[in-house]
There are 2 protein chains.
Amino acid sequence: MERITAQYYIETPLAIEQAAEVLAGEQSSGTFTDVPGETEELKERFAARVESIEPLDTVQNPSLPGVSVDSKGHSYQRANVEVSWSIENFGYNLPVMISTLQGNLYELRQFTGLKLMNLEVPPSFSDYFNGPNFGIEGSRQAAQVQDRPLIGTIIKPSVGMSPGQTAELVDTLVDTGIDFIKDDELMGSTANSPFEKRLEAVMKVINRHADRTGKKVMYAFNISGEMDDMLRRYEQIVKSGGTCAMLSLNSIGLSAAKKICDQGELVIHGHRNGWGMLNRHPLLGIEFPAYQKLWRLAGVDQIHVNGIQNKFWESDDSVVKSIKSCLKPLLGGYSILPVVSSGQWGGQAPETYRRTGTTDLLYMAGGGILGHPGGPAEGVKALKQAWEGTVEGKSVEETADKYPEFAKSVQKFGGNQ
Amino acid sequence: MERITAQYYIETPLAIEQAAEVLAGEQSSGTFTDVPGETEELKERFAARVESIEPLDTVQNPSLPGVSVDSKGHSYQRANVEVSWSIENFGYNLPVMISTLQGNLYELRQFTGLKLMNLEVPPSFSDYFNGPNFGIEGSRQAAQVQDRPLIGTIIKPSVGMSPGQTAELVDTLVDTGIDFIKDDELMGSTANSPFEKRLEAVMKVINRHADRTGKKVMYAFNISGEMDDMLRRYEQIVKSGGTCAMLSLNSIGLSAAKKICDQGELVIHGHRNGWGMLNRHPLLGIEFPAYQKLWRLAGVDQIHVNGIQNKFWESDDSVVKSIKSCLKPLLGGYSILPVVSSGQWGGQAPETYRRTGTTDLLYMAGGGILGHPGGPAEGVKALKQAWEGTVEGKSVEETADKYPEFAKSVQKFGGNQ
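Residues numbered from 1 in each chain as written. Chains lettered and ligands numbered in written order. Predicted model: local features only at pLDDT ≥ 70, side-chain atom pairs only at ≥ 80, totals over all residues. Heavy atoms only, no water.

Chemist: Just give me the short version of the UniProt feature "domain: Ribulose bisphosphate carboxylase large subunit C-terminal" (unreviewed entry) in chain A, but keep the residues and values in it.
Modeler: Mapped onto the present numbering, the UniProt feature "domain: Ribulose bisphosphate carboxylase large subunit C-terminal" (unreviewed entry) falls at residues 135-412 of chain A. In residues 135-412 of chain A, helix accounts for 49% and strand for 13%; the two terminal C-alpha atoms are 34 Å from one another. (UniProt positions renumbered as here; feature names shortened; annotations may be inferred. Helix = DSSP H or I, 4+ residues; strand = E, 2+ residues; numbered from the N terminus.)

Structure below.
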């Protein structure tokens, strides 16, 4: 029988073997006392199994509160632990899988730290989960971009502009040769920018530009909201000739996201806002390699990974790990496009490329384009130059020497880093 | 214009006022550099506003990693901060509200701790969100229980039993006079217990018992899964005469949960598995008073709050705060029934009542009923006795003196605490 495996990074005051058994018991057939139905035969078939334990360092203070009283004075052992479950335990159901692989585990006082680091699903998952309908190749085709990252930007200010003002900005942007534009995640449908009006105004500009140039800029309309609203807005985008919808993944949740992805007509841009809550603590939550697999199984085509030298707290190492996890095939495919953003202006291109070796990116700059001293057209030009220079092996300085627009970016934004 | 307010508990190496302004800016009109469209007029209307700052203690070590490099050697100031947004920023859209009130905030390196403690929505929300269709009164009516907590149990072992075995256990349980039974959150639809088969077998028993006694035991079938599967299973429950469906709230997400709640025919039992990830760290995530409001707005009728002297890490103080937050009216109503569980066997009843003053509870015991030395019938009896004694003002010992079934519980489980 096929099994699903999960890797955890744990910290415990107990012997690791004992802690691992608690983890496995809690998330399969166990409860806090013996019950009549828990036979040996049932345990054999359905109990979670501890596959491996790798002891790591020992610390003197617990990483999380709530440790058992009787462990005071103990030290706390960290370890990597791998646990597996028979596919029989969940069937093919992502929410129940999450409730099993994560669920109550974070509540256990036998642990003072627990993070889901990765998970592996068996080949039969591909019979039940269609995965991304577009992924990297489909995103490239829709945006008509090959051999370099897609260059994108975010409508800023994120809230407050009317549909007309937004469309005006889009008009400026599409003329710059940009590939992708998105609503900010703070923008849904507001009194001064109702979704339908914004969609209509923006798509008029994009379609007109496409008719003229043959290039249809991809615009990710934020449809995050209630289920029926999302489905209605999705259809409106399709009818208006749009190619993409954006979902705030954590805010709407997995079941709704899958339902939207399953419609299959639009590229789904997955925004991970709220991610810090799930990940910022080193011994609590979930790591990106596990997280992105859930959304790929659900069918998300593009997912945010933050960026090198970002404005947030995340280290470059962590961002690189995230990008690499997206580029690794899942079940032999399930391609997903990593979306690089946060304080990006092109200066981070060489380091991004050096560490990931890929141009399969959607490279987003908000202020980095709109705040360019020469205006957004030069901002977009500068980003493309940054990537051209990068792929040619040039440093930031060398690229700036060659390209005046990028040189202006360096002058304005270079000191921020 | 009405505003939505949020209370945060923060920790920062910066001056608190400065940190609070970063928070407000990031989640409304700001970005990392000035952009042309961010006019004073737009800021006035759409910028988030810092309403109050209450400085708290100062610590020497940051609670979360990722602090700005230039703050090394600083101390870290904690504070309560209240921020408000115009309702214009989101309209009436829970996911966009979450993306605004939480969203990227946890990523900011200007904070070494950030927790959403509570939130207040304006009266107009009641025009857009129906809220729980049943809540406390509706749950009581459906289960035909007044003047004491509903007594419930969980099918254990949680996975591995066939529909026939589950129905057999249900048969035993309904004969005990229990009010409520639920699937474990690990149980969805599995090879050896397909949902439809389990529903049919269980409802046959429950309906037969209801025909005989006039009391229909409430069974929370776990429908958590993909959107269409959930809707189909919901309908199947309705058709089979069931009264309740269970959702793993964090696993399916807010948009799907609201869609299910909006169907309006079944009591929705909200399981919060995964909660520890969002809450266990004192300076990261979300506190229950804020969390439960989101689900009440979505329409969940019953929500898990853990229990006094539980088997997990959570303190009694925190559990009490959670129960009280559920019992506090939201928008003048939006009643939700707190579900007490985790290592409960009746011995915690006096302390639960002393600290919350309520019997408006669904009081769940898994092992505490099925593991009772006299069998489940005595287990249920013991729980009812525990609450009878409690409401009469008796201690655990006094109740045990009066009731032999509860005395056996004390003997078996009393040492666990």
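Anyway, onward from the coordinates.
Chemist: Which residues make up the sheet that holds strand β4 (residues 113-120) of chain A, and what are the values?
Modeler: All names here are of chain A. Sheet architecture is open: 5 strands sit in the order β2-β3-β1-β4-β10, paired in mixed fashion. Two strands in the sheet have a free side with no partner beyond their single neighbour: β2 (49-59) and β10 (284-286). Pairs of neighbouring strands in the sheet enclose a mean axial angle of 15 degrees, with direction left out of account. Note that β2 and strand β3 (residues 76-86) share 8 bridges and pair antiparallel. Bridging across to β3, Val59 finds its partner in Tyr76. Against the sheet, helix α1 (residues 16-26) contacts β1 (3-12), β2, β3 and β4, and its axis sits at roughly 130 degrees relative to β2. Seen against the sheet, helix α12 (residues 288-298) touches β4 and β10 and runs at an angle of roughly 50 degrees to β4. (Pairing = 2+ DSSP bridges. Axes fitted to C-alpha atoms, helices over the stretch in contact; angles between N-to-C directions. Contact = heavy atoms within 4.5 Å.)

Chemist: How would you summarise the pattern of salt bridges if you had to cite specific residues and measurements?
Modeler: According to the stated counting rule, one finds 56 salt bridges over all chains in the structure shown. The partner of Lys381 of chain B in a salt bridge is Glu405 of chain B, and the shortest N-O contact between them spans 3.7 Å. With a gap of 24 residues between them, Lys381 of chain B in helix α16 (residues 376-391) and Glu405 of chain B in helix α18 (residues 404-413) connect regions that are remote in the sequence. Note on Lys381 of chain B: relative accessible area 44%, which makes it partly exposed. Residues joined by salt bridges that share partners form a network here, namely Glu196, Asp229, Arg232 and Arg233 of chain A. (Salt bridge = Lys/Arg side-chain N within 4 Å of Asp/Glu carboxyl O. Buried < 20%, exposed > 50% of the residue type's maximum accessible area, 1.4 Å probe, protein only.)

Chemist: Provide a residue-level description of the confidence of the model for chain A, including the pertinent values.
Modeler: Close inspection of predicted coordinates is inappropriate in any region flagged by low pLDDT. Per-chain confidence: chain A averages 94 in pLDDT, with 96% of residues scoring 70 or above. For this predicted complex, the interface confidence reaches an ipTM of 0.95, while the overall pTM sits at 0.96. (pLDDT = per-residue confidence, 0-100.)

Chemist: So, the relation of the copies chain B and chain A: which residues are in play, and what are the values?
Modeler: When chain B is fitted onto chain A, the two copies agree to an RMSD of 0.0 Å after a turn of 180 degrees and an axial shift of 0.0 Å. Here the transformation between the copies is reduced to the relation of a two-fold axis. Taking C-alpha positions as reference, the residue of chain B nearest the rotation axis is Gly253 of chain B, located at 1.8 Å. Comparing contact sets, 100% of the residues at the interface of chain B also lie at the interface in chain A, consistent with an isologous, same-surface contact. (Least-squares fit on C-alpha atoms with pLDDT ≥ 70 in both.)

Chemist: Can you tell me about α18 of chain B, naming the residues and giving the values?
Modeler: Residue and element names in this part refer to chain B. Along α18, the residues classified as buried are Glu405, Phe406, Ser409 and Phe413. Looking down the long axis of α18, one finds its buried residues gathered within 95 degrees of arc, a one-sided arrangement. Exposed and oriented more than 90 degrees from the buried face of α18 are Pro404 and Gln411. Close packing links the buried residues of α18 with α15 (367-370), α16 and α17 (396-402). (Arc of directions from axis to C-beta.)

Chemist: Please set out the interface of chain B and chain A residue by residue, giving values where relevant.
Modeler: Taken together, the contact between chain B and chain A spans 95 residues of the former and 95 residues of the latter. Scanning the region where chain B abuts chain A turns up 6 salt bridges. In this structure, Glu26 of chain A engages Lys311 of chain B in a salt bridge whose closest nitrogen and oxygen atoms are separated by 3.2 Å. For the pair chain B and chain A, the interface holds 40 residue pairs in polar contact (both at pLDDT 80 or more). Its residues assigned to classes, the side of chain B that touches chain A shows 35 nonpolar, 42 polar and 18 charged. (Polar contact = N/O pair within 3.5 Å; in protein donor to acceptor, adjacent residues only side chain to side chain. Nonpolar A, V, L, I, M, F, W, Y, C, P; charged D, E, K, R; others polar.)

Chemist: So what's going on with the domain arrangement of chain A? Which residues, and what values?
Modeler: Residue and element names in this part refer to chain A. Segmenting chain A into domains produces domain 1 (3-127) and domain 2 (135-416). For domain 1 and domain 2, the distance between their C-alpha centres works out to 36 Å. The interface is formed by 25 residues belonging to domain 1 together with 18 residues belonging to domain 2. Buried area between domain 1 and domain 2, summed over both chains or domains, comes out near 1,800 Å², and the portion from carbon and sulfur atoms is 69%. It is Leu94, Lys115 and Leu119 in domain 1 that bury the most area against domain 2; as a group they hold 31% of the surface buried on that side. The interface formed by domain 1 and domain 2 includes 2 salt bridges. The salt bridge partner of Glu287 is Lys115, with a shortest N-O separation of 3.2 Å. If you look at where domain 1 meets domain 2, you find 10 residue pairs in polar contact (both at pLDDT 80 or more). (Domains from an automatic or database assignment. Buried area = accessible area lost by both parts, 1.4 Å probe.)

Chemist: Talk me through the nonpolar core; I want residue IDs and the actual numbers.
Modeler: Formed by 225 residues in total, the largest nonpolar core has its most connected members in Tyr8 of chain A together with Tyr8 and Leu101 of chain B. In contact with Tyr8 of chain A, other than residues within four places in its own chain, are Leu23, Ala79, Asn80, Val81, Val83, Trp85, Leu101, Leu105, Leu114, Lys115, Leu116 and Met117 of chain A. (Core = buried A, V, L, I, M, F, W, Y, C linked by side-chain atoms within 4.5 Å.)

Chemist: Before we move on, could you go through the packing of helix α14 (residues 349-356) of chain A against helix α16 (residues 376-391) of chain A and cite the residues and values that matter?
Modeler: Residues and elements named next belong to chain A. Close contact between α14 and α16 brings their axes to 9 Å; oriented N to C, the two are set at 45 degrees. Overall, the two elements α14 and α16 adopt an arrangement that is oblique. Once α14 is placed against α16, the crossing between them reads as right-handed. Residues Ala349, Pro350, Thr352 and Tyr353 of α14 form the contact with α16, whose own contacting residues are Ala386, Trp387, Thr390 and Val391. Per-class residue counts for the contact of α14 with α16 are 6 nonpolar, 2 polar and no charged. (Parallel < 35°, antiparallel > 145°, perpendicular 65-115°, else oblique. Left-handed = near helix turned anticlockwise from the far one by under 90°.)

Chemist: Could you give an account of the state of the cysteines, naming the residues involved and the relevant values?
Modeler: Residues and elements named next belong to chain A. Scanning the model with the defined rule gives 0 disulfides over all chains in all. With no disulfide of its own, Cys261 lies closest to Cys244 among cysteine sulfurs, the gap being 11 Å. Here Cys261 falls in the buried class, since its relative accessible area comes to 2%. (Disulfide = S-S within 2.5 Å.)

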